Every structure is written in structure tokens, then in C-alpha cells.
Amino acid sequence: MSLHLFDTASRSVREFHPVRHATASIYVCGPTPQGPPHIGHMRGALNYDVLRRWLTHQGHAVTLVRNVTDVDDKILTKAAQHDTPWWEWSARYEREFDDAYTTLGVLPASIAPRATGHVTQMAEMIQQLIDGGHAYAAAGDVYFAVRSFAEYGALSGQKLDEVQQGETAAEGKRDPRDFTLWKGARPGEPSWPTPWGPGRPGWHLECSAMALTYLGGEFDIHGGGLDLVFPHHENELAQSRAAGHGFARFWMHNGIVGMAGEKMSKSLGNVVSIPEMVRQVRPQELRYYLVAPHYRSTIEYSLPALEESVRAYQRVESFVQKVAARTGSVEPGSVGPEFTAAMDDDLGTPAALAAVHTTVRAGFTALDAGDDAAAREAAATVRAQLAVLGLDPLTWTSSSTVDSSVAAALDALVGELLEERQKARKARDFTAADAIRDRLLAAGITIEDTPDGPQWTFKDS
């Protein structure tokens, strides 16, 4: 089966055919850097990183644009509250987002355009919409006339009579459902000159202009969180199509991360920041936790679920490292048909990881039987599979881990002690077995007895 993806616009899983052969063009709604990034933000970035890696694995040359909304009502409000220039506030948290992407192994975007760098393109688009009868100026603002676009509501399923944009009433606005393309200048706020007066762009306009600038009038995939379907993506679609562009062929939306039944958000104060998370677990373990569920599902964050993911990743990591320690370097192989089928079925990461763990179990069996060739083949498959998910344990390094060559040597030394411990346990010499465990613990290594045998990891600091 070729790659099939769920398209929000058609509410169906459709076969992916790129606009241009052997390429893939993706626009992802990036951050509004008003504060530190949390795992809700990173889940979306990781989901589209996995999509990008899978498309690359399939031979596509991928262009991924992830914007930065660097001027926004929330940014202006937060900056004013802290007596900080808005641009400094935005830049500070943009750097924190970049650090979080790097920490969790998100590949750099092909380009990460800032909204403030594309006001010219936005003004040109507004003029196109006004000329086409889809927008109008009023009291220094410019609005999109929702009733002028017959397909409005098709993406989200909203009925026109029930639409509420969440915007305040304003002088000259013809219809409360019309949304803002350009906001007239207000005292103390940044502004740019336009034919309709000084001001700044509306959020929806920003993304359309940047997507069209870098990906052209028609591109393959527009991605973002499920909470962006309306009004943001509905409005993007309407204004882009009204301006004469085909825009995105697929609309993909990842599920949200919740806590105690609520969406994780700064306004609710229920966020779990990335720096805090990577003090609890290693970055690759957090990445595993966030990509293991299907991208369209909702994650309810809990510590037990995170700990379960940590153990699952460590089992896989331990297998690859054991094979490398016993047989030498292991190069990635093929991903296998089960993994391929799972990923081609709307990026089915749960089934893909099930294939990974099946291979790991078979690999451990081969190790126990002394079949190094079969173990190496299994490890090669696992490395290839995990590379697609950005989780290959032999390519991960961080301040909390050692590099792969040192890890392999350490695994060999620890492995000898674990074999001695197993022999002592079989002989029911539990005093000797406990002494080995305590020696390892004193060296900062913990042992977990699992169905696949004892597994070791570094003790939490």
C-alpha cells in the first residue's frame, strides 16, 4: 500500500500524491512565542517531524516550512506586563522553542519565516482580495467578507449562521462573521505602512502569505493542531482560495495533549515545560512518549504513562546496545513490511512500534541462543525503524547519556556483572546477587528484571 493520510477537509483517508513528482511540500503552523514551550507544542512538531522523516525514507525531497508568529496580541500583552519590548519578548521565547526542537531531535525546518518579515506579501494578498470583492477596508482595518466565499465552513463543518470568530465588534464591520486581515495601528503597538493606513497583520493572513511565498499557490500538506481547525485554518483556506490559489491538498491535524481533562495551555496554567520534562527523563524517552500514540489521538499526560514509555524505550535501546557490544557496529537495514504498512496507514506509529517490539523480542531470543547473525539482523531492522521515528539509540547523545561507542563498552562490562548476578540467583545465592546489584547502584546504574531479562539504565539524579 502507498502512503495514505487522513485529510480533515474531506474527512477521509486519501492516497498521497504530491503536487510535484518525488517531492513533498509541507506547511506547519509554528509557535507564537509568548512563553516557554511545553509538551503540547512539541507533540505537533514531533508528529510532523515523523511525517517528514517517513516521506524522506520513501524517496521524497521534502520542503517543510514552519512559521513563527512573532507579532500577536498575546505577545504584546505579555511584553507590556513585563515592561519589555515586544520584539525582545518574542525573540527570547523563539530561541527557547528552537532549543526545545533541538533537544527533542526535531529536524530543522527548511525555513522558519517570521510574520514580521512578510508584511509586503500580506499587503499584496489583501489587495488581491479587495480587488476580487472578498475584502473591504473600514476605519483603518481590513476585513474578509465571509459571505463572499461560498465554500466557507467546509473545512471545519461550521454552519455559516452559527459562525463566531471570537473577535470584538468594530466600526465599519459589515458582518460579525467577517474576520480581520489588517488591524489599524493602536497607540504603543508596532505598525507597518499600507494603502489602508498603518497597522499590523491579522493572524490568519500571516500564515497564508508565508505558505504561498515559500511553497507556491498549491502545495501538498498543511499541518497543525486540532484546535486550529476553526477559525484559523478555515480562514486561511477561505482567503487563499478567494485569492485564486489551490492552497493545501491535504489538511492534517494532530490531537492535543491534555491534563486532567483539559487542553494543556499557558492560559490554564496546566503546562509541563520541556526543560522540566528533560530533568525527569532523557530527551529521547520524552520523544518516544509523544510519538508513540497515533498523531490524531488525544494524550492525557500522566507520570505513570510517561514512566511506562521510558521503560519501553529502554528495552529497545538495551537490545541495540547489547548487539553492538557483542558483535560490533550495526548498520541500519530495512524497516520491514509490517512497519511500512503501519506508517503508510496514516502514520500508524502504535502499530509501527508494535513491529519494533516484536523484532526486539525476536532479537533477544537470538542473543540468548547465541545466534549473533540473527540478532544483528534484528538490530539492523530496529535501527532503521527507529531512525524513521527519530529514536535510533545509537545516534542520540545528550548531557545525560554517553555516546554510542562508550555505551557499547559499558554495556559489555555491565553485561558480565549481570550474567554473574543471574548465575547467583539461579544458585539461590541471593546475598551475592544483591551485592552485585548494590555495586551497580553505587556506580549509578539501576537494574530492572523484565521478561526479556535484566535491563540496566542510569540512575535518576
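Since the structure is predicted, the reported quantities are computational estimates derived from the model, not experimental observations. (Residues numbered from 1 in each chain as written. Predicted model: local features only at pLDDT ≥ 70, side-chain atom pairs only at ≥ 80, totals over all residues. Heavy atoms only, no water.)

## Points about the sheet that holds strand β8 (residues 199-201)
At step 1: Spatially, the four strands line up as an open sheet ordered β5-β6-β7-β8, and their pairing is antiparallel. In the strand order of this sheet, the two ends are held by β5 (135-138) and β8, each with one partner. Sheet twist, expressed as the mean angle between neighbouring strand axes with direction ignored, is 20°.
At step 2: As paired elements, β5 and strand β6 (residues 141-144) share four bridges and run antiparallel to each other. (Pairing = 2+ DSSP bridges. Helix = DSSP H or I, 4+ residues; strand = E, 2+ residues; numbered from the N terminus. Axes fitted to C-alpha atoms, helices over the stretch in contact; angles between N-to-C directions.)

## Considerations on the pairing of β6
At step 1: Burial along β6 is two-sided: Asp141 and Tyr143 facing one way and Val142 and Phe144 facing the other are all buried.
At step 2: Joining the antiparallel neighbours β5 and β6 is a turn of two residues, in which Ala139 adopts a positive phi near 55°. (Buried < 20%, exposed > 50% of the residue type's maximum accessible area, 1.4 Å probe, protein only.)

## Things to note about the environment of Arg53
At step 1: Looking at the secondary structure, you find Arg53 in helix α1 (residues 39-57).
At step 2: Overall, the relative accessible area of 18% leaves Arg53 in the buried class.
At step 3: Sequence separation of Arg53 and Ala170 is 117 residues, and the distance between their C-alpha atoms is 45 Å.
At step 4: Among the polar contacts listed, one links the side chain of Arg53 to the backbone oxygen of Gly105, at a separation of 2.9 Å. (Polar contact = N/O pair within 3.5 Å; in protein donor to acceptor, adjacent residues only side chain to side chain.)

## A word on empty space enclosed by the protein
At step 1: Counting across every chain of the model gives three cavities of 30 Å³ or more.
At step 2: Estimated volume of the second largest cavity: approximately 60 Å³.
At step 3: Residue assignment for the lining of the second largest cavity shows that the elements contributing at least two residues are α1 and β4 (61-66).
At step 4: Residue contributions to the lining of the second largest cavity peak at four residues, all from α1.
At step 5: Split by residue class, the lining of the second largest cavity holds six nonpolar, no polar and three charged. (1 Å grid on protein atoms, 1.4 Å probe; cavity = no way out; pocket = protein on both sides within 12 Å on 5 of 7 lines; lining within 4 Å. Points joined across faces, edges and corners; volume = space filled by probe spheres on them. Nonpolar A, V, L, I, M, F, W, Y, C, P; charged D, E, K, R; others polar.)

## Some remarks on the sheet that holds strand β10 (residues 247-254)
At step 1: With parallel pairing, four strands are arranged side by side in an open sheet as β4-β3-β9-β10. Here the strands that pair on one side only, and so sit at the sheet edges, are β4 and β10. Here the strands of the sheet are splayed against their neighbours by 25° on average, with no regard to which way each runs.
At step 2: Summarising the sheet, strand β9 (residues 218-225) and β10 pair through seven bridges and their orientation is parallel.

## Focus: the side chain of Arg421
At step 1: On the secondary structure map, Arg421 appears in helix α13 (residues 404-426).
At step 2: The class of Arg421 is buried, set by a relative accessible area of 7%.
At step 3: Arg421 has contacts with Ala433, Ile436, Arg437, Ile447, Asp449 and Pro454, leaving out every residue within four places of it along the chain. (Contact = heavy atoms within 4.5 Å.)

## Comments concerning helix α8 (residues 283-291)
At step 1: With nine of its nine residues buried, α8 lies for the most part within the structure.
At step 2: For α8, the secondary structure elements touched by its buried residues are α1, α3 (86-103), α7 (274-280), β13 (299-300), α9 (303-327) and α11 (349-368).

## Let's talk about the nonpolar core
As a rule of thumb, soluble globular proteins bury nonpolar side chains together.
At step 1: Ranked by internal contacts, the top residues of the largest apolar core, which has 74 residues, are Leu5, Ile39, Leu51, Leu286, Phe319, Phe339 and Met343.
At step 2: With nine residues, α1 is the largest single contributor of residues to this core.
At step 3: Apart from residues no more than four positions distant in its own chain, Leu286 is found in contact with Ile39, Leu104, Ile274, Met277, Val278, Val281 and Leu306.
At step 4: Among the nonpolar cores identified, the runner-up in size contains 40 residues, and Cys29, Val65, Met210 and Trp251 belong to it. (Core = buried A, V, L, I, M, F, W, Y, C linked by side-chain atoms within 4.5 Å.)

## Here we look at the environment of Thr180
At step 1: For Thr180, the position within the fold is in strand β7 (residues 179-184).
At step 2: For Thr180, a relative accessible area of 10% gives the class buried.
At step 3: If sequence neighbours within four positions are ignored, Thr180 has contacts with Val142, Tyr143, Glu167 and Gly202.
At step 4: Of note is the side chain of Thr180, whose polar atom sits 2.8 Å from the side chain of Glu167.

## Remarks on the confidence of the model for the protein
At step 1: Mean pLDDT over the protein works out to 92, with 93% of the residues at or above the 70 mark.
At step 2: Taken together, the stretch residues 398-404 has pLDDT below 50 and engages in 12 contacts with residues farther than four places along the chain or on a different chain. (pLDDT = per-residue confidence, 0-100.)

## Details of the pairing of β9
As a general feature of sheets, a regular strand has side chains that alternate between the two faces.
At step 1: β9 sits mainly inside the fold: seven of its eight residues count as buried.
At step 2: In this structure, strand β3 (residues 23-28) lies alongside β9, joined through three bridges in parallel fashion. When the bridges of β9 are listed, Ile26 appears paired with Ile221.
At step 3: Crossover handedness for the path β9 to helix α6 (residues 229-242) to β10: right-handed. (Right-handed = clockwise from strand over helix to strand, strands pointing away.)

## Let's talk about the packing of helix α2 (residues 73-81) against α3
At step 1: As a packed pair, α2 and α3 sit with axes 8 Å apart at the nearest point and diverge in direction by 105°. Considering the angle they form, α2 stands roughly perpendicular to α3. When α2 is examined against α3, the residues Ile75, Leu76, Lys78 and Ala79 are found in contact with a partner set consisting of Trp86, Trp89 and Ser90.
At step 2: The residue makeup of the contact of α2 with α3, split by class, is five nonpolar, one polar and one charged. (Parallel < 35°, antiparallel > 145°, perpendicular 65-115°, else oblique.)

## Looking at the packing of helix α10 (residues 337-344) against α11
At step 1: One can describe the packing of α10 onto α11 by two numbers: an axis separation of 7 Å at closest approach and a directional angle of 170°. Classed by the angle they form, the pair α10 and α11 counts as roughly antiparallel. On the side of α10, the interface is formed by Glu338, Phe339, Ala342 and Met343, while α11 contributes Thr349, Ala351, Ala352, Ala355 and Val356.

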